[in-house]
Amino acid sequence: AQSVTQLDSQVPVFEEAPVELRCNYSSSVSVYLFWYVQYPNQGLQLLLKYLSGSTLVESINGFEAEFNKSQTSFHLRKPSVHISDTAEYFCAVSLDTGRRALTFGSGTRLQVQP
Amino acid sequence: GAVVSQHPSWVICKSGTSVKIECRSLDFQATTMFWYRQFPKQSLMLMATSNEGSKATYEQGVEKDKFLINHASLTLSTLTVTSAHPEDSSFYICSASGTRRSPNYGYTFGSGTRLTVV
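Treat the numbers as computed from the prediction; the structure is a model and nothing was measured. By convention here, each chain's residues receive numbers from 1 onward along its written sequence. Working convention: letters from A go to chains and numbers from 1 go to ligands, in the order in which they are written. Local features in a predicted model are, by the rule used here, given only for residues with pLDDT of at least 70; side-chain atom pairs are given and counted only at 80 or more, and totals for whole chains, interfaces and linings are based on all residues. Heavy atoms throughout the structure, all of them, feed into the side-chain values; hydrogens and water do not.

Student: Please provide a residue-by-residue account of the side chain of B:Ser50, values included.
Tutor: Residues and elements named next belong to chain B. Mapped onto the elements, Ser-50 comes out in strand β5 (residues 44-51). Three labels apply to residues, based on accessible area from a 1.4 Å probe with only protein chains included: buried if under 20% of the type maximum, exposed if over 50%, partly exposed otherwise in between. Residue class for Ser-50 comes out buried when judged on its relative accessible area of 1%. A distance of 3.0 Å separates polar atoms of two side chains, one belonging to Ser-50 and the other to His-71. Contact definition: two residues touch when any of their heavy atoms are within 4.5 Å. If sequence neighbours within four positions are ignored, Ser-50 has contacts with Thr-31, Thr-32, Met-33, Ala-56, Ile-69, His-71 and Ser-77. Here a strand is any run of E in DSSP of at least two residues, a helix any run of H or I of at least four, and the numbering for each starts at the N terminus. Throughout this description, a polar contact denotes any pair of N or O atoms lying within 3.5 Å of each other; where both atoms belong to protein, one of them has to be capable of donating a hydrogen while the other can accept it, and for residues adjacent in sequence the pair is counted only when both atoms sit in side chains.

Student: Please provide a residue-by-residue account of the packing of aromatic side chains, values included.
Tutor: Between rings of Phe, Tyr and Trp, where Trp is taken as its six-membered ring, a pair exists when centres lie within 6.5 Å; planes separated by under 30 degrees are stacked, by over 60 edge-to-face, and by other angles tilted. Following the criterion strictly, the structure yields 13 aromatic pairs over all chains and no others. Ring geometry for A:Phe34 versus A:Tyr36: centroids 6.2 Å apart, planes at 20°, classification stacked. Note on A:Phe34: relative accessible area 3%, which makes it buried. What makes A:Tyr36 buried here is its relative accessible area of 1%. On the numbers, 6.1 Å between centres and 55° between planes, the contact of A:Tyr36 with A:Phe104 is tilted. Of this pair, A:Tyr36 sits in strand β5 (residues 32-38) while A:Phe104 sits in strand β11 (residues 103-104), and the two are 68 residues apart along the sequence. Through a chain of ring-to-ring contacts, three or more aromatic side chains come together here, namely A:Phe34, A:Tyr36, A:Phe90, A:Phe104, B:Phe34, B:Tyr36, B:Tyr107 and B:Phe109.

Student: For the state of the cysteines, give the residues involved together with the corresponding values.
Tutor: A pair of cysteine sulfur atoms is labelled a disulfide when the two atoms are within 2.5 Å. Enumeration according to the criterion identifies 2 disulfides over all chains in this entry. Across the disulfide, A:Cys23 is cross-linked to A:Cys91 (sulfur-sulfur distance 2.0 Å). Its S-S torsion of about -65° marks the bond between A:Cys23 and A:Cys91 as left-handed, since a negative value means left-handed. Here A:Cys91 lies in strand β10 (residues 87-94) and A:Cys23 lies in the loop between β3 (19-21) and β4 (24-26), a separation of 68 residues in the sequence. Considered together, A:Cys23 and A:Cys91 belong to a single accessibility category, that of buried residues. The side chain of B:Cys23 participates in a disulfide bridge whose partner is B:Cys94; the two sulfur atoms lie 2.0 Å from each other.

Student: Describe the pairing of strand β2 (residues 10-13) of chain B, listing the residues and the values that go with them.
Tutor: Residues and elements named next belong to chain B. Only one face of β2 is buried: it carries Val-11 and Cys-13, and the other face, with Trp-10 and Ile-12, is open. What makes two strands pair is DSSP finding at least two bridges between them. By the bridge criterion, 4 bridges tie β2 to strand β11 (residues 113-117) in an arrangement that is parallel. By the bridge assignment, Val-11 is partnered in β11 with Leu-115.

Shown next, in the form of structure tokens:
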């Protein structure tokens, strides 16, 4: 079975500073990797995903994540955060891209301070 | 892009009554739907997986008779919480996935339903 570890439950950061949210996974087979963002009392929005190909994936709002197979990691980064980035971020893995459920990490609360 | 509509967004019900939550895929056919439960400040816990026309597969520890899931069409899945009790109060989120050949293949989430049982 696969599992996901998000090492930081909360990450406080000042506005315009860079940030990295860490995600490590464990699986005996190849997995697909995802990052989701959740705002209060809302569902999940896909930030980015790694299915295959280039190990560096980017989102339209400035986030990027790099798949590192040797370190079994998929850390999320942004070079300059905004107040509006304050939210809960979930890393997730799946053995499939739709037929099997996602396995989520425990989440990281990103708190951007002015 | 793929859109999943979940209703209601919040509901308050009396203990002992039943509540139905709907999850609709608006612009694609959802062959697989997932139902999650989320407690405050916690991650999502998978409750069940349902494929259109088949019985749902429940995760260990989830009561099938309490959480009834129906996936009768390719665009609609429902979760009915039967004889609700205060401990069933939670945030419920659905996720839908289209067919492999469709551009919407993958996971799209509904906006969630906040259930409060009083």
